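Coordinate inspection notes
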Amino acid sequence: MNVYAEYVVLDNLALDTLLLWGAAVTLRLPFKKWRIFLGGVVGAGCAVASVYVFGVWLYLLKAACLAAMCITAVGFGKKLFWYILLTVAYTFVAGGAIVGMFNLFNVSYLDANGRFYTMNVPLFVYVLALTSAAFLCYSIAVYVKQTKKIAPHIVKITVKLNKDYQLTGFCDSGNTLVYDGAPVCFVTKRFGGFADYFAQQLLLDKCVKVPVSTVAGTTAVQAVAAHIEACGKQMKVWLALPAEKCHTFYNVLLSNEFCGG
């Protein structure tokens, strides 16, 4: 019975969390991940409690559990009713899909008495495996899409500091920032030797503070002098660190001076 209880908790936690998240994303409701997970915890708790309830009280408990899950996940709002209905719909669709997949691949999930938890591998393991696979496929698709989108603007560049570095740069026609007569480029992805060189220049007081205006206001970033060769041009630039961390495929965000001005 201990194994059965563990299966009930983990299976319902995984499924309920996934269903609540899917319904919220479909309706484009604002939500917090921890609240979606907490809604799954509520669903798992109700599933355990339902073992000890029978008759009409069982249906009342399931209805109350559904409402409690949805309210926990997204709170009260105009779309709460539709959120509950969509969660119910997704529950039936997911249940049918799971049973269909088990029958398709001849996975035994019922014992002679018709009870469910007789599988060697718990249901939540299948759910997590399929979810992980779907997320991996989605991530790869997004990566490929973003790569294709920016690929025409990626160029090979040479950054000259204490030595030459062969890197990749992104031609940004919107980067018009200039400081002390030289264009400003941004290191969006660190490369070997740059961190040590930058720290050394900072200690030698050879860095400058470049004012940058954004939609959030005006801030200042540290920059060092460098030379960049790109797009058939070579010029002195200020190589700056961005105000916020960036996750890019390229190393340097180039000034529009390299992109035709």
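Residues numbered from 1 in each chain as written. Predicted model: local features only at pLDDT ≥ 70, side-chain atom pairs only at ≥ 80, totals over all residues. Heavy atoms only, no water.

**Let's talk about the overall build of the protein**
Counting its secondary structure elements, the protein contains six helices and eight strands. Sequence-ordered secondary structure for the protein, helices as α and strands as β, is α-α-α-α-α-β-β-β-β-α-β-β-β-β. Within the span of the protein, comprising 261 residues, buried residues form 34% of the whole. Contacts spanning at least 24 positions in sequence make up 62% of the contacts within the protein whose residues lie at least 6 apart. (Helix = DSSP H or I, 4+ residues; strand = E, 2+ residues; numbered from the N terminus. Buried < 20%, exposed > 50% of the residue type's maximum accessible area, 1.4 Å probe, protein only. Contact = heavy atoms within 4.5 Å.)

**Quick look at the nonpolar core**
Judged by nonpolar contacts, the single largest core of 24 residues is most densely connected at V159, L161, F194, I228, L239, V252 and L254. Per element, the largest residue contribution to this core is four residues, and it comes from strand β6 (residues 217-230). Those residues in contact with L254, other than ones at most four positions away along the chain, are V155, I157, G169, F170, C171, D172, N175, C185, I228 and A230. Membership of the second largest hydrophobic core comes to 15 residues, among which are M69, A73, V74 and Y83. (Core = buried A, V, L, I, M, F, W, Y, C linked by side-chain atoms within 4.5 Å.)

**A few points about the side chain of T87**
Summarising the element assignment, T87 is placed in helix α4 (residues 80-104). Residue class for T87 comes out buried when judged on its relative accessible area of 2%. Leaving out residues up to four positions away in the same chain, T87 has contacts with L20, A23, L66 and C70.

**Overview of the packing of aromatic side chains**
Between two aromatic rings, the relevant description is the distance of the centres plus the angle of the planes. Inspection of every chain in the model, using the stated rule, returns six aromatic pairs. Between F194 and F198 the ring centres are 5.7 Å apart and the planes differ by 45 degrees, which places this aromatic pair in the tilted class. Here F194 pairs with F198, and both are found in helix α6 (residues 194-203), just four residues apart, close to one helical turn. We classify F198 as buried; its relative accessible area is 7%. Through a chain of ring-to-ring contacts, the aromatic side chains of Y165, F191, F194 and F198 assemble into a single cluster. (Phe/Tyr/Trp six-rings, centres within 6.5 Å; stacked < 30°, edge-to-face > 60°.)

**Side note on the environment of G39**
Position of G39 among the secondary structure elements: in helix α2 (residues 33-50). For G39, a relative accessible area of 0% corresponds to the buried category. Sequence separation between G39 and A68 is 29 residues; the distance between their C-alpha atoms is 7.6 Å. Apart from residues no more than four positions distant in its own chain, G39 is found in contact with L20, M69 and T72.

**Describing a nonpolar patch on the surface**
The grouping of L136, I140, Y143, V144 and F249 at the surface amounts to a nonpolar patch, some 470 Å² of accessible area in total. With respect to the helices and strands, F249 occurs in the loop between β7 (233-240) and β8 (252-254). (Patch = residues over 30% accessible without salt bridge, like charges linked within 9 Å, V, L, I, M, F, W, Y side chains within 5 Å. Areas by Shrake-Rupley, 256 points an atom, 1.4 Å probe, with all protein chains shown as cover. Salt bridge = Lys/Arg side-chain N within 4 Å of Asp/Glu carboxyl O.)

**With respect to the environment of A230**
For A230, the position within the fold is in strand β6. On the basis of relative accessible area, A230 is assigned to the buried category, the value being 2%. It is 6.7 Å that separates the C-alpha atoms of A230 and T158, two residues lying 72 residues apart in sequence.

**Here's the deal with the pairing of strand β2 (residues 164-171)**
As defined by bridge partners, strand β1 (residues 154-160) adjoins β2 across seven bridges and the pair is classed as antiparallel. What sits directly across from T158, in β2, is Q166. Hairpin remark: β1 followed by β2, antiparallel, with three residues in the connecting loop. Note that β2 and β8 share three bridges and pair parallel. Counted as the bridge partner of G169 is V252 from β8. (Pairing = 2+ DSSP bridges.)

**Re α2**
Given a rise of 1.5 Å per residue, 18 residues ought to cover 26 Å, and the 26 Å separating the end C-alpha atoms of α2 matches this to within 8%. Along α2, the residues that are buried comprise I36, G39, G40, G43, A44, C46, A47 and S50. Looking down the long axis of α2, one finds its buried residues gathered within 160 degrees of arc, a one-sided arrangement. (Expected span 1.5 Å × (residues − 1). Arc of directions from axis to C-beta.)

**A few points about unusual backbone geometry**
With a phi angle near 55 degrees, R28 is a residue other than glycine that sits in the positive phi range. Even without glycine at this site, C231 takes up a positive phi of about 55 degrees. Mapped onto the secondary structure, C231 falls in the loop between β6 and β7.

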